[in-house]
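Summary of structural features
Here are the chains, one letter per residue:
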Amino acid sequence: MRIYVGGLVLSLSSGLAAGQAASLAQLCTVDYVTTALPIEDIGLAVTIDTSSVSVALATNKTVRSEWYPSTVVDYCTVTFAYAHHGLNNDTVQVSYLVPSPEKFTRRYLSTGGGGLAINSGTQYTPSGILVGAVAGITDGGFGSFDTPYDAAFLLANGTVNWQATYMFGYQAHHELATLGKQFTRNLFNVSSDERLYSYYQGCSEGGREGWSQIQRFSDQFDGLVTGAPAIRLSQLQTNHLSGGVLEEMAGYFPPPCELEKIRNLTIAACDGLDGKVDGVVARSDLCRLKFDYEATIGEPYHCPPSASGGFPPGSNPTPEQNGTVTREAVAIAKAFTEGLIDSKGRRVYLNPPPGSSFGDATTRYNAATSAWEPAPITLGSGWITRFLQLEDNDILDTLSGVTVDQLRDWMYSGMMKYYDSLQTTWTDLDGFRGAGSKVLVLHGEADSAIPAGSSVHYYESVRQAMFGDLSYDDGTKALDDFYRLYIVPGAEHCGSNMAQPGAGWPSTTLQTVIEWVEKDIAPETLNTTGKSISSVCRWPLRPLWSGNGTKSECVFDQKSVDSWMYTFDAFKFPVY
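In what follows, the accompanying structure is described. Since this is a predicted model, take the numbers as computed values, not measurements. (Residues numbered from 1 in each chain as written. Predicted model: local features only at pLDDT ≥ 70, side-chain atom pairs only at ≥ 80, totals over all residues. Heavy atoms only, no water.)

1. As for the overall build of the protein chain
Convention followed: Runs of E in the DSSP output that reach at least two residues are strands. Runs of H or I that reach at least four are helices, and both are numbered from the N terminus. To sort residues, take the accessible area from a 1.4 Å probe on protein chains only and compare it with the maximum for the residue type: under 20% means buried, over 50% means exposed, and anything in between is partly exposed. In this description, accessible areas are obtained by the Shrake-Rupley approach with a 1.4 Å probe, and a residue is regarded as covered only by the protein chains that are shown. We score Asp and Glu as negative and Lys and Arg as positive, and we do not count His or the chain ends. The atoms used to mark charge sites are NZ of Lys, CZ of Arg, CG of Asp and CD of Glu.
In terms of regular secondary structure, the protein chain is built from 20 helices and 22 strands. Counting the 576 residues in the protein chain, one finds 57% classified as buried. Of the accessible surface of the protein chain, which amounts to about 22,400 Å², a share of 49% is contributed by carbon and sulfur atoms. The positive charge centre, built from 39 side chains, and the negative charge centre, built from 61, are 5 Å apart in the protein chain.

2. A closer look at the pairing of strand β18 (residues 483–488)
Formally: Paired strands, as defined in this entry, are two strands with at least two bridges between them according to DSSP.
In terms of burial, β18 is a largely internal element, 6 of the 6 residues being buried. Side chains Y483, L485 and I487 of β18 all project onto a buried face; the interleaved residues R484, Y486 and V488 project onto the opposite face, where all are buried too. Taken together, the 6 bridges between strand β17 (residues 438–444) and β18 define a ladder with parallel strand orientation. Directly across from G444, in β18, lies its bridge partner V488.

3. With respect to the packing of aromatic side chains
Worth spelling out the cut-off: In summary, the pairing rule links any two rings of Phe, Tyr or Trp, Trp by its six-membered ring, whose centres are within 6.5 Å, and it sorts them by plane angle into stacked for under 30 degrees, edge-to-face for over 60 and tilted for everything else. Throughout this description, the term charge over a ring refers to an Arg CZ or Lys NZ atom that lies within 6 Å of the ring centre and within 35 degrees of the ring normal.
Enumeration over the complete set of coordinates arrives at 38 aromatic pairs. A ring pair is formed by F80 and F183, whose centres lie 5.9 Å apart and whose planes are at 65°; its orientation type is edge-to-face. Of this pair, F80 sits in strand β4 (residues 68–84) while F183 sits in helix α6 (residues 162–187), and the two are 103 residues apart along the sequence. Residues F80 and F183 agree in their burial class; the two are buried. Feature note: the residues F142, Y149, F153, W162, Y166, F168, Y170, F217, W383, F387 and Y418 constitute an aromatic cluster, connected by ring pairs. The positively charged end of R208 is found above the aromatic ring belonging to F168, 5.3 Å away from the centroid.

4. Considering the pairing of strand β12 (residues 300–303)
Burial along β12 is one-sided: Y301 and C303 are buried, while P300 and H302, pointing the other way, are not. Looking at chain direction, β12 and strand β14 (residues 321–324) are connected through 4 bridges and run antiparallel. If you follow Y301 over to β14, its bridge partner there is G323.

5. Here we look at the sheet that holds strand β6 (residues 107–111)
The test is simple: Between the N-to-C directions of two axes lies an angle of 0 to 180 degrees, each axis being a line fitted to C-alpha atoms and, for a helix, fitted only over the stretch in contact. Note on contacts: a residue pair qualifies if any of its non-hydrogen atoms lie within 4.5 Å across the two residues.
Taking strand neighbours across the sheet as the criterion, the 9 strands line up as β3-β4-β5-β7-β6-β10-β11-β17-β18 in an open arrangement whose pairing is mixed. Each edge of the sheet is formed by a strand with only one pairing partner; in this case those strands are β3 (46–65) and β18. Geometrically, the sheet is characterised by an average inter-axis angle of 20° between neighbouring strands, direction not taken into account. Relative to β4, β3 runs antiparallel, the two being bridged by 13 bridges. Across the sheet, D49 pairs through a bridge with A81, a residue of β4. On top of the sheet, helix α7 (residues 205–216) reaches β10 (197–203), β11 (223–227), β17 and β18; it is set at about 140° to β10, its chief contact.

Dropping the structure here:
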């Protein structure tokens, strides 16, 4: 069969022959790769530009990340572009790392982005090479692999680029995987009768992208690892302004050193609540139930001057910070940890638990006024100005006059506007379950960017939607068959935590989900790289040490589980 693609005649039989390459060097040529392009009818209305194909051979490449063990690998980077039928000026680029033929294990891996980027470059793709998989990224059609979604979001002030929005929301990753799996089959001569396992790995925005596939394309992947997923995007992004708004309402702007002191004293006070003193708050739930920030009032703090951090940029450096923890700072810390409550006493959203950094409440020093003020959080400010007000601007002029009720209303507006594209909170996963697929979710307990409670809330929403007629225990057991959540003690956003270094981070989660899919070995716990924490319990079990910190167990504690439960009753509809 012969098909015209991008002006070049290709033969399907020549594509299948591509799998005969004996070495990576033989495979890693433009001519060879071109014969393997996924030109078959695979349900995508796209045309591949054969003139866009490029390759790059990498040998003895040292790769390292908290997401996979450090090692030396060889691979070929293959990049090509395609366009959607019926769209003008449309170009989408995809790039795949390809392992050596002798290392290929009939696996494919898609990887996700972070922040407002749809890909993370080579942060995750080497993990595919480690397990013998072809590993891919997409640029979403935004112009380049380095161009974030927000740069493509507006066609002009007031005009949304909905094609870019739906690509970022879910479609680009659907196309990346669909093309990538067929390309992998063609390149390595894997027939349609043979099983090609497909996987996904990503954290933060990449975690949300993984869930966008689970919820819409239930059989796209056999197994996924989704870390700290940025679901519920309107609430999440708007909530980044919560610290500054609480400070404006209170009229007090604590120096960063003061909040850091409260955080460090909280870690010291709550460290041993899990039965072991190791510098890690492994039970922030017990910390929430037992520790009062008021115990820190009057404690001295000191931070040396910094050469950066002042405002405006290039102005005087951040000055030396001396003082004692004030009642005003403790009030800010309490309100921040409690999460947003509107003027009628209803819950709007949640924040990180005790022991976490007060990142979204961090202030900056203004040299012109010799005073501290709320630091602009680009993700939060940009969500309001760019995505709600549709202006080509990422910074709100001021938070003065902004209330919790205003934040609630902004969350509502964003949720309504982008519910079908960016919220990513669909709770009916019957299709995914029926496909026999598996998802492993991990979330740092001290994540200061996306609260760990966000993943707990979605997990519990899915449990209630799918198994609400069962007891709590039976419902979680039913979820365990295909969906497992792990709260990583002491860990930060998508990785380890300098403030709690003994916690570490699970570095073999892709291998774990592969064993779950291919060998039916369901993970009871996750192994970590931490010196203090060696394994992570799956939700709703929580870690507890006995024997003076010599024996660790995963236990069920109803009061602790209840402390993770939230009802966002400030909204007149369910927020999953």
